[in-house]
Amino acid sequence: MVFLYLCTSIPSVALLELELLNRRSSSRNSSSTQTSCNTTEDDLVKQGEFGLSNWVKGLEQIMLLILVIVRWLMPKGEMTRDQLSQLLLVYIGMGADIMDILEVFTEPEVETNMNITITGLALFSWALMQFTLVLTQTDSPPASAPNRSVVSLEDSESPAIDPEPKAGCCRGSSCCINEVWGLAIAVGMQDGPFLIFRLYLMLHEKVLNQMMIFFAVKNVLTVLIEIYRIVVVQCRLGQ
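- In the annotation of an unreviewed UniProt entry, the entry for the protein chain reads Transmembrane protein 26, and the organism field reads Pleurodeles waltl.

### Structural notes on the overall build of the protein chain
- Secondary structure assignment for the protein chain yields six helices and two strands.
- Going from the N terminus to the C terminus, the protein chain shows its helices and strands as α-α-α-α-β-β-α-α.
- Counting the 239 residues in the protein chain, one finds 42% classified as buried.
- A fraction of 71% describes how many contacts in the protein chain between residues 6 or more apart in sequence connect residues 24 or more apart.
- Summed over its atoms, the accessible surface of the protein chain is roughly 13,400 Å², and 67% of this surface lies on carbon and sulfur atoms.

### Examining the pattern of salt bridges
- On inspection of all chains with the given rule, the structure shows five salt bridges.
- Notably, a salt bridge pairs Glu103 with Lys57, separated by 3.8 Å at the nearest N-O pair. Linking Glu103 in the loop between helix 3 (81-102) and helix 4 (114-128) with Lys57 in helix 2 (residues 39-73), this pair joins segments that are 46 residues apart in sequence.
- Lys57 gets classed as partly exposed once you look at its relative accessible area, which sits at 28%.
- As a salt-bridge pair, Arg198 and Asp97 come within 3.7 Å of each other at their nearest N and O atoms. With Arg198 in helix 5 (residues 174-203) and Asp97 in helix 3, this pair connects stretches of sequence that are 101 residues apart. Residues Arg198 and Asp97 agree in their burial class; the two are buried.

### Some remarks on the UniProt feature "transmembrane region" (unreviewed entry) in the protein chain
- Following the UniProt record, one finds the feature "transmembrane region" (unreviewed entry) at residues 207-231.
- Measuring from the first to the last C-alpha atom of residues 207-231 gives 34 Å, for a span that is 88% helix and 0% strand.

### Focus on the confidence of the model for the protein chain
- This prediction gives the protein chain a mean pLDDT of 77; 73% of its residues lie at or above 70.
- The spread of mean pLDDT over the elements of the protein chain runs between strand 2 (residues 148-153), the lowest at 43, and helix 4, the highest at 93.
- Long-range and interchain partners of residues 136-172, a stretch whose pLDDT sits below 50, account for 85 contacts in this model, where long-range means more than four residues apart.

Conventions used here
- Residues numbered from 1 in each chain as written.
- Predicted model: local features only at pLDDT ≥ 70, side-chain atom pairs only at ≥ 80, totals over all residues.
- Heavy atoms only, no water.
- Helix = DSSP H or I, 4+ residues; strand = E, 2+ residues; numbered from the N terminus.
- Buried < 20%, exposed > 50% of the residue type's maximum accessible area, 1.4 Å probe, protein only.
- Contact = heavy atoms within 4.5 Å.
- Areas by Shrake-Rupley, 256 points an atom, 1.4 Å probe, with all protein chains shown as cover.
- Salt bridge = Lys/Arg side-chain N within 4 Å of Asp/Glu carboxyl O.
- UniProt positions renumbered as here; feature names shortened; annotations may be inferred.
- pLDDT = per-residue confidence, 0-100.

In structure tokens, the structure reads:
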């Protein structure tokens, strides 16, 4: 269901963003040849563009909120309430970072750049596909290893959770393998591509502001921590 919802929502968002791009391009071209007698007409065009921009941002935010709320209301299956709450928190964090990538389109340096807009929309769509996967934390018994991340398909009826984890090291168990897959998905579908995109904007397009620098540093730290965690889990498996 989530996959079908995204397949119908993402094209709509892309079309709206491309329409905004066309309006920004037309507004910039007209302003370069604007005369003083046409000031009122230019103001009306800017007001219409501002109104459409607000509508598009609102729809994008509602789309992400619907993903969280619907997952909350859906049957939780074999997941515990604790796992479901952790899943919803992960969704909210993912959505906040994904939404920020769309703010790049309003930067003066790239607001009329078609290639940047298409690339940003592609990354936005690719990152949203994470919502078709379930990323939860499983609670192990007191004598077992610490919590593990579990990745399973959204519509799967039997999540890949080890019902009886062994005490001590989780050598050979599926929980650590699933955690590695979860971290790899996060690096490959969101943090890694977003980092490359933001570095390109900063170094090549000269888009430098506080929020861009903050999110770029955040992506760097996140990728390093995720890679470090993968190494830790792999070393545990090899013991």
